[in-house]
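Each chain, written out:
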Amino acid sequence: KEVILETLKRCRAFQSAGADIVYAEGLETEEEMKALNAAITVPTMIAQVERPDVPLVSTSKANELGFKLSLRGVTVLNAQITATKRVLQALREERVLHTGPPSLSARELMPFQELYETVGFPGAYAWERDFHTSQTQVALLKETDRDIESS
């Protein structure tokens, strides 16, 4: 209880100092989360990391508890690193990776078309096409200007 009181004191001090948003580290229960949001008038943020013995709340539950921003960036980082390690281990073991339909074992790689779209290749190729077209138009205009000047 002493820890939450100190946390609330610090958050109020940040709010008084003009903070646009307040973040409290280490809130462990929904009651503590509610207490923070009841004590603070500026928006609050929750950042959650999957650690043993630390309860997590969903984004919608965080919203219900009064949080305006819910960060789970370490979750995404963890998933990316886990996937990378699995693929590197498979390559080290010289296993053949596949993109086919899921079987009894999980797919190691997403289908190429999904990867292509996820990475944003269609947008990049459209930009490249548009850029090339505009550069070609500029070159043609310059050539036309030179032809007119030399006439």
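Note that the structure is predicted; figures quoted are calculated from it, not measured. (Residues numbered from 1 in each chain as written. Predicted model: local features only at pLDDT ≥ 70, side-chain atom pairs only at ≥ 80, totals over all residues. Heavy atoms only, no water.)

Trainee: I tried to follow the overall build of the protein on my own but got confused; where do I start?
Mentor: When helices and strands are tallied, the protein shows 6 helices and 3 strands. Its helices and strands in sequence order give the protein the pattern α-β-α-β-α-β-α-α-α, from N to C terminus. Out of the 151 residues in the protein, the part that is buried amounts to 15%. Accessible surface, the protein as shown: approximately 11,600 Å² in total, 59% of it carbon and sulfur. (Helix = DSSP H or I, 4+ residues; strand = E, 2+ residues; numbered from the N terminus. Buried < 20%, exposed > 50% of the residue type's maximum accessible area, 1.4 Å probe, protein only. Areas by Shrake-Rupley, 256 points an atom, 1.4 Å probe, with all protein chains shown as cover.)

Trainee: Please explain the sheet that holds strand E2 (residues 44–47) as it appears in this structure.
Mentor: With parallel pairing, the 3 strands of this open sheet are ordered in space as E1-E2-E3. Pairing within the sheet leaves two strands with one partner each, and these edge strands are strand E1 (22–23) and strand E3 (69–71). (Pairing = 2+ DSSP bridges.)

Trainee: What should I look at first to understand the environment of Tyr 116 in this one?
Mentor: By secondary structure assignment, the location of Tyr 116 is in helix H5 (residues 112–119). With relative accessibility at 22%, the residue Tyr 116 sits in the partly exposed group.

Trainee: Help me understand the packing of aromatic side chains in this model?
Mentor: Taken as a whole and assessed by the stated rule, the structure comprises 1 aromatic pair. On the basis of an interplanar angle of 25 degrees and a centroid distance of 5.7 Å, the ring pair of Phe 121 and Tyr 125 is categorised as stacked. Residue Phe 121 and its partner Tyr 125 are both found in helix H6 (residues 121–150); the two are separated by 4 residues, about one turn of the helix. Its relative accessible area of 32% is what places Phe 121 among the partly exposed residues. Owing to a relative accessible area of 40%, Tyr 125 belongs among the partly exposed residues under this scheme. (Phe/Tyr/Trp six-rings, centres within 6.5 Å; stacked < 30°, edge-to-face > 60°.)

Trainee: I keep staring at the side chain of Thr 44 and nothing clicks. Help me out?
Mentor: The residue Thr 44 is located in strand E2 in this model. Residue Thr 44 is classed as buried on the basis of its relative accessible area, which comes to 1%. Of the polar contacts made by the side chain of Thr 44, one reaches the side chain of Asn 37; its length is 2.3 Å. Here the side chain of Thr 44 touches Gly 66 through a polar contact of 3.4 Å, landing on its backbone oxygen. (Polar contact = N/O pair within 3.5 Å; in protein donor to acceptor, adjacent residues only side chain to side chain.)

Trainee: I'm lost on a nonpolar patch on the surface in this one. Help?
Mentor: A cluster of nonpolar residues, Ile 21, Leu 69 and Leu 71, forms a patch on the protein surface that exposes about 220 Å² of accessible area. You can see Leu 71 is positioned in strand E3. (Patch = residues over 30% accessible without salt bridge, like charges linked within 9 Å, V, L, I, M, F, W, Y side chains within 5 Å. Salt bridge = Lys/Arg side-chain N within 4 Å of Asp/Glu carboxyl O.)

Trainee: Is there a simple way to think about the nonpolar core in this case?
Mentor: For soluble globular proteins, the rule of thumb is that nonpolar side chains tend to be buried together. Core analysis: the biggest nonpolar cluster contains 15 residues, and Leu 27, Met 33, Leu 36 and Phe 67 have the highest contact counts within it. Here this core gets 3 residues from one element, more than from any other, and that element is helix H1 (residues 2–16). Those residues in contact with Leu 36 that lie beyond four places of it in its chain are Leu 8, Cys 11, Ala 24, Leu 27, Thr 44 and Phe 67. (Core = buried A, V, L, I, M, F, W, Y, C linked by side-chain atoms within 4.5 Å. Contact = heavy atoms within 4.5 Å.)

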